[in-house]
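Here's the letter readout for the chains.
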Amino acid sequence: MKRDRSPLGDALALLVCGVLAGVLAAAAAFPLVGLAGMVAEDSVNSFESLPSELTKTSLPQTSYVYASDGKTLITSFYEENRREVTLDEVSPLMIEALLAAEDSKFYEHKGVDWAGIIRAAVANQGGDSQGASTLTMQFVRNTLIYSASTIDEVIEASEDTYDRKLREARYAMAIEESMSKDDILEGYLNVIYLGNQAYGVHAGSYSYFNKPPSELTLAEAATLASLPKFPSYADGLLDGEGDDGQILDRRDWIIQRMVDLGSITQAEADEAVEQPLGLDPRPVRSECVDVATPNWGFFCDFFKEWWGDQELFGETQRDRISLLKRGGYKIVTSLDPDLQNAATEKLADRVSVDNPATLGSVTITPGTGHVRAMAVNRVYSLDQTNNGPRTDGDDSKPSNYPNTTIPLLSGNERVIGYPAGSTFKMFTMLAALEEGWPLKTKIPSPGTYASRLYGDYTKQPSSCDFKRGDLYPWCPTNDGGWSSAPLNMWGMFGRSSNTAFVQLQELVGTSKAVDIAERSGITFYPNTGVGQAKENDNLDGYGTFTLGFDATTPMAMAEAYATVAAGGKHCDPLPVMQVINADGEEWVEASTPSCEQAYAEEVAYAAVSAGRCVVGQNPEGSQCSGNTAAAYTSDFGRPLFGKTGTSDSNRAYWFIASTPNATTATFVGDTDATYRANVASNDLKDAVKSTGTAILKTAVKDLDKKDWPKPTDAMSNGKNLVSIPSIGCEDPDSARSKVAGAGFEAAIAPGKFDSECEDGQAFSTSITGSAPKGSPIYILVSNGSDFKDEDDEDEDEPDDDASTPPDDRD
């Protein structure tokens, strides 16, 4: 009967245990006792050099990944589907069946069955094929193969040679001197290959019968015992295909062998052989394309990427993923299965998976970074053959709907996200607050604002219709062209004034706004506007930052707004809550949140105060006007802040909302063509706000109700503000010196502006009144458009006599 090879290939095969020609020659040349003595002497002489991996094995084991309840299996990662067990976790019937099939004299010999070797040698010489390897020798061979670190070591451990057989026998005898029989048997039960990618008795029990090895019946145990020599007997059976005749014959032979050895009675054997094969395979979930529920695949993908990025798990990404696939970990993630499923259902109900518009949401816990949900109206799948047409017209690759494995929510260097829109105004406000500008700071909000700092040498669609010097100023507008009297930061944020925030960015500098965005968790890739401005060393000349022309991901936005919600404490997004190794010990460092204080608490709580205006809340300490999302959040019933964001040309739309213990970032955009205009229709904007609010409600329903402190007086009204010197029709350099002498970073604004002063004279500053010391203050220079000299004024004045009534002349 020909023995099967394992799927490790020729180099990793479980070899035929027949004695080779060299062994037969040795048997003929030496009496049995002499041969035994030779190997025994070799055993004694080589005992000190016995490889440590034989006595302390380290087999690759499956890592299982669970949801936050610690019970719901998401998926598994493995190179070989294996979970090590102890002998007391295995049914005695399984042990008896295996010994009957493989080595009935296991508890009698000292590692090598010399009588068996001679018997096999004689049989093999006659043309039959018999094996002579004991269970101990098989354990040695497999362990050396699995512990090999080079291909040469693999070949040496598996090559069909006399030297290998002799070495194997020598090691087997040495093993018997250093390990107990039970330890050897336990090691064997964990190393054997049982077909269908099942390594070890634990994986075999679940792969074929969906039960732990402690619960195997006689018939089931004998079935598994059939497979170490003949794993191919099970080929196709788990898929309802293949022929079960060979495995049944082998099973029944083992059962009768157990009777002959006195392990069971004939009656028990007769009953067992009447049983059908009775396979009940448990689905083996492997990595992210085979998760328990398809919509969990995006979270799984994020988890795998996160694991591969952690230096704690290995020197290289390859090392880290290898550890995941071999380490036998139980990993409890932060995924809330109820929230994940509810969020997915809400999103898909509102926007079909067959819609090219991507509607997605991410929920994070402030203060820890735990990622609780990553939901989107897509199916995580490699099968994209029936996907819809791409909106960018590129037919060389599939679209992202309905099926995709693109990291739509977490992104990477190739998928950088969606334009952020006005959600980036949060970072401009945070930078201003950090620089000492109080919430009460008032800035005009005209319908159109001609920027004092930002412009282009060539006219752009957003440029003004006039030049200042050599530049066309940038002329941002408010949505719909609305305007108002000067707004404080509560009003600017609540009403999302574009023109006011551009002026605020001019006051603090784009570089400071970008810096605090990065501290909050936003990553800017090289091909973004920020990335290009950095490369050109002109970040403070990049005006559109505050209006969110740059792309970002829902994960990053949830991370950044969670930083605000946590009082300025930034935490990296974390998908795990507990990591337990194969020995049952918790690896605390692996699941510890990575957090640091990104900016002061008082800065964060001031920003929260302004953000509460957006959702229609006006708590103590706030002075709100404007509430762009209040219609959706009025009945939320908890302290809440947030921000909506429409990107340019409606390419994307966002609603980010947070309580103190949950932050949700919801968006809509076009993954295939992020540049496509008018994606965010009014209906989809409504979908973002309604589903975003509903998901956050679900996220907090079982959490404690918490609140934030009101902003400090310094954050609301300012502290140690410095008066800005007044400027009136004077030399620009003199005006700059005056302002700089007051403690400000003074500079002359590019271009000239309408005023009543002479052309070339300084007439005002970019902001008047008072400001934090060290703030950038720009000197405005007149273009003379409204200037009138004294002679012109005299000509226009009426004659005093002519204007005096006759009765008053005296």
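Bear in mind that the values here come from a model prediction, so they are computed numbers and not experimental data.

*Asks:* Any chance you could explain the sheet that holds strand E24 (residues 776-781) here in plain terms?
*Replies:* What links the strands of a sheet is backbone hydrogen bonding, and the strands pair in either a parallel or an antiparallel sense. The three strands lie next to each other as E21-E24-E22, forming an open sheet whose pairing is mixed. At either margin of the open sheet sits one strand with a lone partner, and together these are strand E21 (745-748) and strand E22 (762-765). On average, each strand axis in the sheet is inclined to that of its neighbour by 30°, with strand direction left out of account. As judged from the three bridges shared by E22 and E24, these two strands associate in the antiparallel manner. Note on E24: the bridge partner recorded for Ala762 is Val781. Of the strands in this sheet, E21, E22 and E24 are in contact with helix H27 (residues 732-741), which crosses E21 at around 165°.

*Asks:* Just checking my understanding: could you explain the nonpolar core for this structure?
*Replies:* One finds Trp307, Met426, Phe427 and Phe545 to be the most contacted residues of the largest nonpolar core, which totals 129 residues. When near neighbours in sequence (up to four residues on either side) are disregarded, Phe427 contacts Ala513, Ile516, Ala517, Ser520, Ile522, Phe545, Met557 and Ala560. Ranked by size, the runner-up nonpolar core spans 62 residues in total, among them Tyr188, Leu189, Leu224 and Tyr233.

*Asks:* How should the packing of aromatic side chains be read in this particular structure?
*Replies:* Here a ring pair, both rings aromatic, is described through the centre-centre distance and the interplanar angle of the planes. The tally for this structure, following the rule as stated, stands at 23 aromatic pairs. Relative to Phe545, the ring of Phe424 lies with its centre 5.1 Å away and its plane at 40°, an arrangement referred to as tilted. On the criterion of sequence distance, the pair formed by Phe424 in the loop between strand E8 (418-419) and helix H17 (425-434) and Phe545 in the loop between helix H21 (529-535) and strand E13 (551-552) is long-range, its members being 121 residues apart. You'll find Phe424 and Phe545 in the same group, each marked buried. Ring geometry for Phe641 against Trp708: centres 5.4 Å apart, planes inclined by 70°, an arrangement best described as edge-to-face. Here Trp708 lies in the loop between helix H25 (682-700) and helix H26 (713-717) and Phe641 lies in strand E17 (residues 641-646), a separation of 67 residues in the sequence. Take Trp708: its relative accessible area is 8%, and that puts it in the buried class.

*Asks:* When you look at the environment of Gly447 in this model, what are you seeing that I'm missing?
*Replies:* Looking at where Gly447 falls in the secondary structure, it is placed in the loop between strand E9 (443-445) and strand E10 (455-456). You can call Gly447 buried: its relative accessible area is 13%.

*Asks:* When you look at the packing of helix H4 (residues 92-102) against helix H9 (residues 181-191) in this model, what are you seeing that I'm missing?
*Replies:* A packed helix pair is summarised by two numbers, namely the angle formed by the two axes and the spacing between the axes. Following both chains from N to C, one finds H4 and H9 inclined at 85°, their axes separated by 12 Å at the closest point. The pairing of H4 with H9 is recorded here as roughly perpendicular in orientation. On H9, the residues that touch Ile95, Leu98, Leu99 and Glu102 of H4 are Leu185, Tyr188 and Leu189. Its residues assigned to classes, the contact of H4 with H9 comprises six nonpolar, no polar and one charged.

*Asks:* Just checking my understanding: could you explain the sheet that holds strand E15 (residues 576-580) for this structure?
*Replies:* An order of E2-E1-E3-E15 is seen for the four strands of this open sheet, with the pairing classed as mixed. Looking at which strands have only one partner, the edges of the open sheet turn out to be strand E2 (73-77) and E15. Across the sheet, the mean angle from the axis of one strand to that of its neighbour is 15°, orientation sign disregarded. Taken together, the four bridges between strand E3 (residues 330-333) and E15 define a ladder with antiparallel strand orientation.

*Asks:* For this particular structure, what's the right way to read the confidence of the model for the chain?
*Replies:* In low-pLDDT segments, the atomic positions of the prediction should not be examined closely. A residue-level look at the chain finds 88% of positions with pLDDT of 70 or above and a mean pLDDT of 87. Here residues 1-48 is modelled with pLDDT under 50, and outside its nearest four sequence neighbours on either side it reaches 101 contacts, counting other chains as well. In this model, residues 799-810 is a region of pLDDT below 50 whose contacts with residues beyond four sequence positions or in other chains number one contact.

*Asks:* Explain the state of the cysteines here, please?
*Replies:* Going through the model one piece at a time under the given rule, you end up with five disulfides. The disulfide bridge from Cys464 ends at Cys475, spanning 1.7 Å between sulfur atoms. Since a negative S-S torsion denotes a left-handed disulfide, the Cys464-Cys475 link at about 90° is right-handed. Linking Cys464 in the loop between E10 and strand E11 (472-473) with Cys475 in the loop between E11 and strand E12 (484-487), this pair joins segments that are 11 residues apart in sequence. When sorted by exposure, Cys464 lands in the same class as Cys475, which is buried. The connectivity of the disulfide-linked cysteines in the chain, indexed sequentially, is 1-2, 3-4, 5-6, 7-8, 9-10.

*Asks:* What am I meant to see in the side chain of Lys643 here?
*Replies:* Mapped onto the elements, Lys643 comes out in strand E17. The side chain of Lys643 is buried and forms no salt bridge, while Asp479, the nearest opposite charge, is found at 10 Å. Here the side chain of Lys643 touches Ser496 through a polar contact of 2.9 Å, side chain to side chain. Dropping the residues within four chain positions of it, Lys643 is found in contact with Ser422, Thr423, Lys425, Phe493, Ser496, Tyr561, Val614, Trp654, Phe655 and Ile656.

*Asks:* Before we go on, may I ask you to explain helix H11 (residues 218-225) in this structure?
*Replies:* Three- or four-residue spacings in an α-helix give side chains the same orientation, since the helix completes a turn every 3.6 residues. Within H11, eight of the eight residues are buried, which leaves it mostly tucked inside the rest of the structure. Of all the positions in H11, only Leu218, Ala219, Glu220, Ala221, Ala222, Thr223, Leu224 and Ala225 are classed as buried. Tucked inside the fold, the buried residues of H11 contact H4, helix H10 (200-209), helix H12 (245-260) and helix H13 (266-273).

*Asks:* Explain a negative patch on the surface to me, please; I cannot follow it from the model alone.
*Replies:* Taken together, the side chains of Asp152, Glu153, Glu156, Glu159, Asp160 and Asp163 present a region of like negative charge at the surface. Sort the elements by how many residues they give to the negative patch and helix H7 (residues 151-158) lands first, with three residues.

*Asks:* Help me understand the pattern of salt bridges in this model?
*Replies:* Any two side chains of opposite charge can pair if their charged atoms end up close together. Evaluated as defined, the whole model comprises 29 salt bridges. For the salt bridge of Glu518 with Lys534, the shortest nitrogen-to-oxygen distance reads 2.5 Å. Of the two residues, Glu518 is situated in helix H20 (residues 510-520) and Lys534 in helix H21; the sequence distance between them amounts to 16 residues. Salt-bridge contacts for Asp702 lead to Lys701; the nearest nitrogen and oxygen are separated by 3.2 Å. You can call Asp702 exposed: its relative accessible area is 66%. We classify Lys701 as exposed; its relative accessible area is 56%. Among the ionic contacts, a cluster of salt bridges with common partners joins Glu287, Lys304 and Lys325.

*Asks:* Explain the side chain of Thr659 here, please?
*Replies:* Its place among the elements puts Thr659 in strand E18 (residues 653-659). Of note is the side chain of Thr659, whose polar atom sits 2.8 Å from the side chain of Asn661. Excluding anything up to four places from it in sequence, Thr659 contacts Pro366, Ala565, Phe636, Pro639, Leu640, Leu696, Val700 and Trp708.

How each quantity is defined
Residues numbered from 1 in each chain as written. Predicted model: local features only at pLDDT ≥ 70, side-chain atom pairs only at ≥ 80, totals over all residues. Heavy atoms only, no water. Pairing = 2+ DSSP bridges. Helix = DSSP H or I, 4+ residues; strand = E, 2+ residues; numbered from the N terminus. Axes fitted to C-alpha atoms, helices over the stretch in contact; angles between N-to-C directions. Contact = heavy atoms within 4.5 Å. Core = buried A, V, L, I, M, F, W, Y, C linked by side-chain atoms within 4.5 Å. Buried < 20%, exposed > 50% of the residue type's maximum accessible area, 1.4 Å probe, protein only. Phe/Tyr/Trp six-rings, centres within 6.5 Å; stacked < 30°, edge-to-face > 60°. Parallel < 35°, antiparallel > 145°, perpendicular 65-115°, else oblique. Nonpolar A, V, L, I, M, F, W, Y, C, P; charged D, E, K, R; others polar. pLDDT = per-residue confidence, 0-100. Disulfide = S-S within 2.5 Å. Lys, Arg positive; Asp, Glu negative; His and termini not counted. Salt bridge = Lys/Arg side-chain N within 4 Å of Asp/Glu carboxyl O. Polar contact = N/O pair within 3.5 Å; in protein donor to acceptor, adjacent residues only side chain to side chain. Patch = residues over 30% accessible without salt bridge, like charges linked within 9 Å, V, L, I, M, F, W, Y side chains within 5 Å. Areas by Shrake-Rupley, 256 points an atom, 1.4 Å probe, with all protein chains shown as cover. Charge placed at Lys NZ, Arg CZ, Asp CG, Glu CD.

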